[in-house]
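Summary of structural features
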Amino acid sequence: MVRRLLMLLTATAFGLCGFCAHADEGFPLHMAVEFTDHAASAYIAQKKGWFEEEGITPTFYSYITGMSLAAALVRGDIQAAYICLLPAINARANAGVPIRIVAGTHKHGYGLAVNAEKVKTIKDLVRPDVRVGAVQTGGPVDAFLLKTIEKYGLDRDTVLNKVQRMSPPKQIMAIRMGRLDAAFSPEHWPAMAEEAGFTILLRSQDVWPDMQGSVLIVKEELIRNHPEIVRKLVAVTVKATQWINQHPEEAAAVMAAQLQLAGDRIFPNEAAGTARKLTIRPEALGRSMARLKYTTDIDPEGVQAAIDFAAQQGYIKEPLKAEEILDLSFY
């Protein structure tokens, strides 16, 4: 009797272990990503089926910028996101969105593209005849712009008062129509500006050498209720990042195709119409992705520096401590 009872208990234990291993299989994860090669690890993992291999069934929502994605994080159904660091900080500090950064995705990734016939040096940005474009305030592109003003001693008011705020695809259309002379934007858009005849004059690492670009965030509820899903999500991100660095040409080709497909489903909806008119070539993506450092490593001191900068510029109401938004225990 005792032997039979032990056998039954052992079988039950193995059965429970088997259940634990497959409890999250097919887990429906609602994931937001930026419509840029900043989120390359997510797009490539989606194409390769690596999420599904880990028992995750993701639904992707693509946003034209990190700031528009941050505004959408208040939606209860978005559980994870690949997003630029500063918008993530804004969402946590200003909107109280309960998120945690669980891994990095890349460093750098922002550029200034110019009409080289008209803009030969950074100092030319203050000229009244030079038309400057940038995305909305509060995000990493705006930070890049402000760091540029600071490093090169430009008159802040003169530059900021003339900046035209517009989405990256609208910048490209404006460049094509001869309505912009300089454009601050996140990659892959500077590479798209090159396709339209512009030249890269400055990169974000020139003014902010250790700038953390994007991060992988998850809602705290996902950590509490499904920590194994978070662990798998981080593992897939690490795998995709390693693959990008090992296969840069193939990664560029995959990303070009993925972004071209995603262009029909961008939020906000008005951005999709403009993006749909643009052709994204693998050659452009290759140049763009080479300017990023794809790594899941993340430095807490770098995160704190970004938080302090956001507070200094008034992006956030009150500064945070990096540990309030970081959870690197899954990495």
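Our structure's up above, just so we're on the same page.
Criteria and cut-off values
Residues numbered from 1 in each chain as written. Predicted model: local features only at pLDDT ≥ 70, side-chain atom pairs only at ≥ 80, totals over all residues. Heavy atoms only, no water. Helix = DSSP H or I, 4+ residues; strand = E, 2+ residues; numbered from the N terminus. Contact = heavy atoms within 4.5 Å. Pairing = 2+ DSSP bridges. Axes fitted to C-alpha atoms, helices over the stretch in contact; angles between N-to-C directions. Salt bridge = Lys/Arg side-chain N within 4 Å of Asp/Glu carboxyl O. Buried < 20%, exposed > 50% of the residue type's maximum accessible area, 1.4 Å probe, protein only. Left-handed = near helix turned anticlockwise from the far one by under 90°. Nonpolar A, V, L, I, M, F, W, Y, C, P; charged D, E, K, R; others polar. Polar contact = N/O pair within 3.5 Å; in protein donor to acceptor, adjacent residues only side chain to side chain.

1. Focus on the environment of Lys123
- Within the secondary structure layout, Lys123 lies in the loop between strand 5 (110-114) and strand 6 (132-134).
- Measuring from C-alpha to C-alpha, the distance between Lys123 and Glu301 comes to 31 Å, with 178 residues separating the pair along the chain.
- Sequence-distant contacts of Lys123, defined by excluding residues within four places in its chain, comprise Tyr152, Gly153 and Leu154.

2. Some points on the sheet that holds strand 2 (residues 56-63)
- Strand order in the open sheet formed by seven strands is 11-2-1-3-10-4-12, with mixed pairing between adjacent strands. Whereas interior strands pair on both sides, the edge strands pair on one side only; in this sheet they are strand 11 (266-267) and strand 12 (293-294).
- Pairing geometry for strand 1 (residues 27-34) and strand 2, over eight bridges, is parallel. Bridge pairing links Ala32 to Tyr61 in strand 2.
- Here helix 5 (residues 85-95) sits on the sheet and contacts strand 3 (80-84), strand 4 (99-107) and strand 10 (212-219); the angle it forms with strand 3, its principal contact strand, is near 120°.

3. Examining the pattern of salt bridges
- Enumeration over the complete set of coordinates arrives at 16 salt bridges.
- With a shortest N-O distance of 3.0 Å, Arg287 and Glu195 are connected by a salt bridge. Of the two residues, Arg287 is situated in helix 15 (residues 282-290) and Glu195 in helix 9 (residues 189-195); the sequence distance between them amounts to 92 residues.
- Judged by its relative accessible area of 29%, Arg287 is partly exposed.
- Judged by relative accessible area, which is 34%, Glu195 ranks as partly exposed.
- Each member of the salt-bridge network shares a partner with another, and the members are Glu187, Glu194, Glu195, Arg281, Glu283, Arg287 and Arg291.

4. Regarding the sheet that holds strand 6
- One open sheet holds the five strands; their spatial order is 7-6-8-5-9, and the pairing between them is mixed. Edge positions in the sheet fall to strand 7 (164-165) and strand 9 (199-203), since each has one partner strand and no second.
- Where strand 5 and strand 8 (residues 182-186) come together, five bridges link them in antiparallel fashion. Across the sheet, the residue bridging to Leu112 is Phe184, located in strand 8.
- Contacting strand 5, strand 6, strand 7, strand 8 and strand 9, helix 6 (residues 140-151) runs over the sheet at an angle of about 130° to strand 8.
- Packing of helix 8 (residues 168-176) onto the sheet brings it into contact with strand 6 and strand 8, and relative to strand 8 it is tilted by some 155°.

5. Looking at the pairing of strand 2
- The buried fraction of strand 2 amounts to six of the eight residues, a majority that puts the element mostly inside the structure.
- Note: strand 2 against strand 11, two bridges, orientation parallel. Residue pairing in the sheet places Tyr63 in a bridge with Phe267 of strand 11.

6. Comments concerning the packing of helix 13 (residues 248-262) against helix 15
- Packing of helix 13 against helix 15 leaves a shortest axis separation of 8 Å and a crossing angle of 115°. Considering only the axes of helix 13 and helix 15, their crossing is right-handed. Every residue of helix 15 that contacts helix 13 at Ala251, Ala252, Ala253, Met255, Ala256 and Leu259 is listed here: Pro282, Leu285, Gly286 and Met289.
- Its residues assigned to classes, the contact of helix 13 with helix 15 shows nine nonpolar, one polar and no charged.

7. What about the environment of Asp299?
- With respect to the element layout, Asp299 can be found in the loop between strand 12 and helix 16 (300-312).
- Relative accessible area serves as the criterion here: at 39%, Asp299 is assigned to the partly exposed category.
- With 23 residues separating them in the primary sequence, Asp299 and Ala322 have C-alpha atoms 9.9 Å apart.
- Within polar-contact distance, the side chain of Asp299 engages the backbone nitrogen of Glu301 at 3.1 Å.

8. Here we look at the environment of Pro98
- Looking at the secondary structure, you find Pro98 in the loop between helix 5 and strand 4.
- Residues Pro98 and Leu73, spaced 25 residues apart in sequence, show a C-alpha to C-alpha distance of 9.4 Å.
- Not counting chain neighbours up to four residues away, the residues in contact with Pro98 comprise Arg92, Val218, Lys219 and Glu220.

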